[in-house]
Amino acid sequence: MAEPGVETRTRSSVITARAAASFDPVGRSVATARAFVRDTLQGWGYSDVVDDAVVLTSELVTNAVIHAGTSADVLCLRTEDGVRVEVADRYPEREVPIQGTGQSFGSPDRENGRGLLLCAALASRWGVEYTPTYKQVWFQLDLPQRQVGTRSAGPVLPTSLLPVADERVRVAVVQIDRTGTIVNWNVDAEHLFGYAAEQVMGKPLTDIAAWPHTPGIGTGIVEALQLSRWEGSYGIRGADGRVIPVYASHLRVRDTHGEPSTVCLLVRDDERAVIQTPLRAPVTDTSAESRSADPFEVFIGSPAPDDLDGLLQRTVERARDMLDGDSAFLLLATDDETELEVRASTGLPSARQRFARVPVEAGTGRYSSARMPAVHDDLTAVPGAVPLLNDTGMRSVVTVPLKVEGRLTGSLGVAAEGAARYSNEEALRLQFAADRIALAVESARLGELERLRRGSLSFLVEASDLLAGTLDRDQTLALMAQMTVPTLATWCAVYTIADQSSDPYLSYVLHEDEDRIDGLKALLSKIDPPDPVPAPGARIWTAPADAAHQAALRTSMRELGRSSSPVSSGIGTTLATAAAVGGETVVLPLVARNRVIGMLTLGKPSDDHFRQEILELAEDLSRRAALALDNARLYSERTAISQALQRSLLPPGLPQVPGVEVEVIYRAAGEGNEVGGDFYDLFPIRDGAYGFAIGDVCGTGPEAAAVTGLARHALRLLAREGFGGPAVLERLNAAILDEGARSRFLTLLYGELWPQEDGSAVLKVVCAGHPLPLRLRQDGTVEPAAEPQPLLGVMEDLELYEQVVTLDPGDVLLCVTDGVTERREGTRMLGDDGLADVLTTCTGLTAGAVASRVLRAVERFAAEPASDDMAILAMRVPEPHTGTG
């Protein structure tokens, strides 16, 4: 069954290529599926839709292999106008929510169930299909149509042409009374702007509205609220202080008592299509004369570039040519319209200026008169009026604003090397051209922001997956750097802070050019690290660039002083390092669990700057990276503590027993475990007597290891107090029972060993519920060396007894835990008989060789790694002519 209104099959387009892959139900398959789709689509030349396809595939494959626990089949189909991706799993009985039946897709914040939400938001078409054996979700992404500056409208639109919005579109409803005071503030307004209703009710709207006070535009916020209808863009200052661009529709109404008020519908500016009134299309004249007279085509040329950078570059070139200037430049306004960012120039050092920012209204280096046309006859008389032209040789300049619906979106300027080159007439001509291209530029800019947003989403999905895949600190540091270089920055340095009293430590350095890493690391090691400020966001750090420039200057001066000598290679390295860090450097704090644990430093080469979108993405990445780094630190600390405690449960070393060979092999089950429920010991009791033990606590892991420590230390203490084997085990049994709920069953083989002068060895053993020890004689016969008795930790009153065994020269006593005898392969088990068969082949071998052969037999018995702890204790009385080696 498919959702009503959602297509279930569309194959009308001709399929020109296909690629398929299957993925096992394991966590790493999600990343592998993403890589498969990314590589496939990039190979087909469909880079425009790669990010959306990767995000959707990631969610759908996660639903299959993680949440449903089945394999996933991914099929990519290429058509002439887009791509279709099908993800099928083997769990058809899962229900799919149906629109219009009262069911919901669920929250996008849930760990699963977001795949269909994303399909609905990002895909051109999508659907769900069932067969008796599998369920398939498919989506289609059409290649975007990039018609810069055009707008389509009509009573009915195909799904693929509908404007894209967030999964949860929020429309703030704000009601203003006749005095301009807020009297109604809905829940969506709280979510959009961060203010609770009680914080703004009764306050004037002008307290939080960032109205575009544009010269020449007479309508202010007070006048707009008095009009019967008003529609346009402005900003709302959120609770965090940032200006949020909104698109608004105001309607003046009156209540039943005749009291007037204004209802304001507000959405995010990039979702303006939700409430925007479509513009009426003008009557189109298809004649050649009308087409050739189109102001946009006259200025830009036809066809217009289909990307923002191309459009901006052609704009500055046409502007320069139109006014016969020596240079031209175009700046775009930031979202809050407080700064202008250099995006294109000609006749100027664009590489040095690209993405540089200047304030619009006030402050040092402000861009004066940005909101109105301006003509400067001689910049030497007004230094700093146009910061972009400082030290460029340009003297006269004309600048005009780019506006869309009264909102400042940018600035266009043309400059000349001579003074007094421009007048108001040239300003009007340039303003006319700017008005023609402002809408196209804004449309292309919004399209670029949308592509960056989707690309950022895809980047963060993969980055989170990589960071979550390791708990190794060094690997986490390397991943942090490799994800930022060169995607976000030219070079990266990670500082870490061990604790609150420690100074930041330079832990990792990476540059996109490997030859620059050593020089960069040496430079950063010589300067003080940045201050660990916990404030969020990126801050400028000038120390690396200053230090690099000073080092380059000193090296150059030394070389000049040695003019008669050949130039050393050191100046080349120093200058290269200075160029590598000469641009903008920013520092982002790594904050985890309310503590600064380090800093992420990103840098650009000479005179280059970061875009705000990149800094926001880096800030998001730094939050994820900080948590991953702190998790790795905690894991390393706890692993070190665990291993130290575990090592304390093992004997410090085996004593040398005169006339007896002893070998022990120990394997603990579980990753990171050195000690489990199995244990062994061999220790001197008194002159000529040695105690030995091998045991198995019920269960594995830390709880079993705790009983292991109790048993091993109790055995040594009781044996050295002079108690015999039965008494030792009876007292140990009482100690285990005293542990109450923490007690564990314990099987134990305990014995005392007395080497004899005639070359033999006498043993007294007690086998309390443990696998019986096996004795190998010189003739190859194998027999049990003890009888079974009750295990420990079950009954209070035990009646145990010891048995005496004499090992003749050449005899071997083999003691093992049940991890050896219960080794399984399917329904087969090694068992006591299988162990005895292995031991019969060990005649004449040393104790070490016997233990190694048993271990190899156990490992080869099954293909899978052992799931139980395992201990092997072999003791052999050597023959007189063989010695003890």
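None of these values were measured; they are calculated from a predicted model.

Focus on the overall build of the protein chain
Thinking step 1. Across its full length, the protein chain carries 21 helices and 34 strands.
Thinking step 2. Pairs at least 24 residues apart make up 62% of the contacts formed inside the protein chain by residues separated by at least 6 positions.
Thinking step 3. Accessible area for the protein chain stands at about 42,400 Å²; split by element, carbon and sulfur atoms hold 51% of it.

Points about the sheet that holds strand E4 (residues 125–130)
Thinking step 1. Read across the open sheet, the 5 strands follow the order E1-E2-E3-E5-E4; overall the sheet is antiparallel. The sheet terminates laterally at strand E1 (15–23) and E4, the two strands that pair on one side only. For this sheet, the mean inter-axis angle between neighbouring strands, taken without regard to orientation, is 15°.
Thinking step 2. Pairing analysis gives 8 bridges linking E1 to strand E2 (residues 72–79), with the strands arranged antiparallel. Residue pairing in the sheet places Phe-23 in a bridge with Ala-72 of E2.
Thinking step 3. Contacts from helix H1 (residues 28–43) reach E1, E2 and strand E3 (82–89), with the element oriented near 165° to E1.

A word on the side chain of Thr-817
Thinking step 1. Looking at the secondary structure, you find Thr-817 in the loop between strand E31 (812–816) and helix H19 (818–821).
Thinking step 2. Given the relative accessible area of 0%, Thr-817 is considered buried.
Thinking step 3. Side-chain polar atoms of Thr-817 contact the side chain of Asp-678, separated by 2.7 Å.
Thinking step 4. Excluding residues that lie within four positions of it along the chain, Thr-817 makes contacts with Asp-678, Ile-694, Gly-695, His-770, Pro-771, Asp-869, Met-870 and Ala-871.

A few points about the packing of H1 against helix H2 (residues 50–67)
Thinking step 1. Here H1 crosses H2 at 150°, and the two axes come no closer than 9 Å. Here H1 lies roughly antiparallel to H2, going by the angle between them. Read as a crossing pair, H1 and H2 show a hand that is right-handed. Residues Ser-29, Val-30, Ala-33, Arg-34, Val-37, Arg-38, Leu-41 and Gln-42 of H1 form the contact with H2, whose participating residues are Val-50, Asp-51, Ala-53, Val-54, Thr-57, Ser-58, Val-61, Thr-62, Val-65 and Ile-66.
Thinking step 2. Taken together, the residues of the contact of H1 with H2 break down into 10 nonpolar, 5 polar and 3 charged.

Considerations on the nonpolar core
Thinking step 1. Residues Leu-467, Met-480, Leu-524, Leu-590, Leu-602 and Leu-621 are the most contacted members of the largest nonpolar core, which totals 52 residues.
Thinking step 2. Looking at which element gives the most residues to this core, the answer is helix H16 (residues 612–648), with 8 residues.
Thinking step 3. Those residues in contact with Met-480 that lie beyond four places of it in its chain are Leu-467, Val-494, Leu-590, Leu-600, Ala-625 and Leu-629.
Thinking step 4. Residues Phe-36, Tyr-46, Val-83 and Ala-121 belong to the second largest nonpolar core, which totals 38 residues.

A look at the confidence of the model for the protein chain
Detailed reading of predicted coordinates is not advised where the pLDDT is low.
Thinking step 1. Chain-level statistics for the protein chain give a pLDDT mean of 79 and a share of 82% at 70 or above.
Thinking step 2. Contacts from residues 1–11, a stretch scored under 50 in pLDDT, to residues over four places away or in other chains number 33 contacts.
Thinking step 3. Taken together, the stretch residues 146–155 has pLDDT below 50 and engages in 14 contacts with residues farther than four places along the chain or on a different chain.

Considerations on the pairing of strand E17 (residues 407–416)
Side chains on a regular strand alternate between the two faces of the sheet.
Thinking step 1. Extensive coverage of E17 is indicated by the burial of 10 of its 10 residues.
Thinking step 2. Here strand E12 (residues 327–333) runs beside E17; their pairing, made up of 6 bridges, is antiparallel. Looking across to E17, one finds that Leu-331 is bridged to Ser-411.
Thinking step 3. With 9 bridges connecting them, strand E16 (residues 396–404) and E17 associate as antiparallel partners. Bridge pairing in E17 links Val-404 to Arg-407.
Thinking step 4. Between E16 and E17, which pair antiparallel in sequence order, lie 2 residues; one of them, Glu-405, sits at a positive phi of approximately 55°.

Observations regarding the pairing of strand E26 (residues 746–755)
Thinking step 1. Burial within E26 is extensive, with 8 of its 10 residues counted as buried.
Thinking step 2. Where strand E25 (residues 689–697) lies against E26, 8 bridges are found, and the strand directions are antiparallel. Looking at the pairing, Ile-694 lines up with Leu-749 of E26.
Thinking step 3. In the sheet, E26 pairs with strand E27 (residues 761–768) via 8 bridges, with the strands oriented antiparallel. Looking across to E27, one finds that Glu-752 is bridged to Lys-764.

With respect to H2
Thinking step 1. For H2, which comprises 18 residues, the first-to-last C-alpha distance of 24 Å matches the rise-based estimate of 26 Å (1.5 Å per residue) to within 8%.
Thinking step 2. In terms of burial, H2 is a largely internal element, 15 of the 18 residues being buried.
Thinking step 3. A positive phi of about 75° marks Gly-69, the residue just after H2.

Things to note about the pattern of salt bridges
Thinking step 1. In the structure shown here, the tally under the stated rule is 27 salt bridges.
Thinking step 2. As a salt-bridge pair, Asp-681 and Arg-716 come within 2.8 Å of each other at their nearest N and O atoms. With a gap of 35 residues between them, Asp-681 in strand E24 (residues 678–686) and Arg-716 in helix H17 (residues 702–720) connect regions that are remote in the sequence.
Thinking step 3. The structure contains a network of salt bridges with shared partners spanning Asp-269, Arg-272, Glu-405, Arg-407, Glu-442 and Arg-445.

Observations concerning helix H13 (residues 517–526)
Thinking step 1. Within H13, the full set of buried residues consists of Ile-517, Gly-519, Leu-520, Leu-523 and Leu-524. Down the axis of H13, the sector holding all buried residues measures 165°, keeping them to one side. Residues of H13 that are exposed and point more than 90 degrees away from the buried face comprise Asp-518, Ser-525 and Lys-526.

What about the sheet that holds strand E8 (residues 209–210)?
Thinking step 1. Pairing is antiparallel across the open sheet formed by 6 strands, whose spatial order is E7-E6-E11-E10-E9-E8. The outermost strands of the open sheet, each flanked by one partner alone, are strand E7 (182–185) and E8.
Thinking step 2. Bridge count for strand E6 (residues 172–177) against E7 is 3 bridges, and the pairing is antiparallel. Bridge assignment links Gln-175 to a residue of E7, and that residue is Asn-184.

As for the packing of aromatic side chains
Thinking step 1. Applying the stated rule across the entire model yields 5 aromatic pairs.
Thinking step 2. With centroids separated by 6.4 Å and ring planes inclined at 70°, the aromatic side chains of Trp-185 and Tyr-195 adopt a geometry described as edge-to-face. Linking Trp-185 in strand E7 with Tyr-195 in the loop between helix H4 (187–193) and helix H5 (197–200), this pair joins segments that are 10 residues apart in sequence. Of the two residues, Trp-185 and Tyr-195, both sit in the buried class.
Thinking step 3. Each residue in the set Trp-185, Phe-193 and Tyr-195 is aromatic and connected to the rest through ring pairs, giving one cluster.
Thinking step 4. The ring centre of Phe-432 lies 4.6 Å from the NZ or CZ of Arg-436, which sits over that ring.

So, how was this worked out
Residues numbered from 1 in each chain as written. Predicted model: local features only at pLDDT ≥ 70, side-chain atom pairs only at ≥ 80, totals over all residues. Heavy atoms only, no water. Helix = DSSP H or I, 4+ residues; strand = E, 2+ residues; numbered from the N terminus. Contact = heavy atoms within 4.5 Å. Areas by Shrake-Rupley, 256 points an atom, 1.4 Å probe, with all protein chains shown as cover. Pairing = 2+ DSSP bridges. Axes fitted to C-alpha atoms, helices over the stretch in contact; angles between N-to-C directions. Buried < 20%, exposed > 50% of the residue type's maximum accessible area, 1.4 Å probe, protein only. Polar contact = N/O pair within 3.5 Å; in protein donor to acceptor, adjacent residues only side chain to side chain. Parallel < 35°, antiparallel > 145°, perpendicular 65-115°, else oblique. Left-handed = near helix turned anticlockwise from the far one by under 90°. Nonpolar A, V, L, I, M, F, W, Y, C, P; charged D, E, K, R; others polar. Core = buried A, V, L, I, M, F, W, Y, C linked by side-chain atoms within 4.5 Å. pLDDT = per-residue confidence, 0-100. Expected span 1.5 Å × (residues − 1). Salt bridge = Lys/Arg side-chain N within 4 Å of Asp/Glu carboxyl O. Arc of directions from axis to C-beta. Phe/Tyr/Trp six-rings, centres within 6.5 Å; stacked < 30°, edge-to-face > 60°. Lys NZ or Arg CZ within 6 Å of the ring centre and 35° of its normal.

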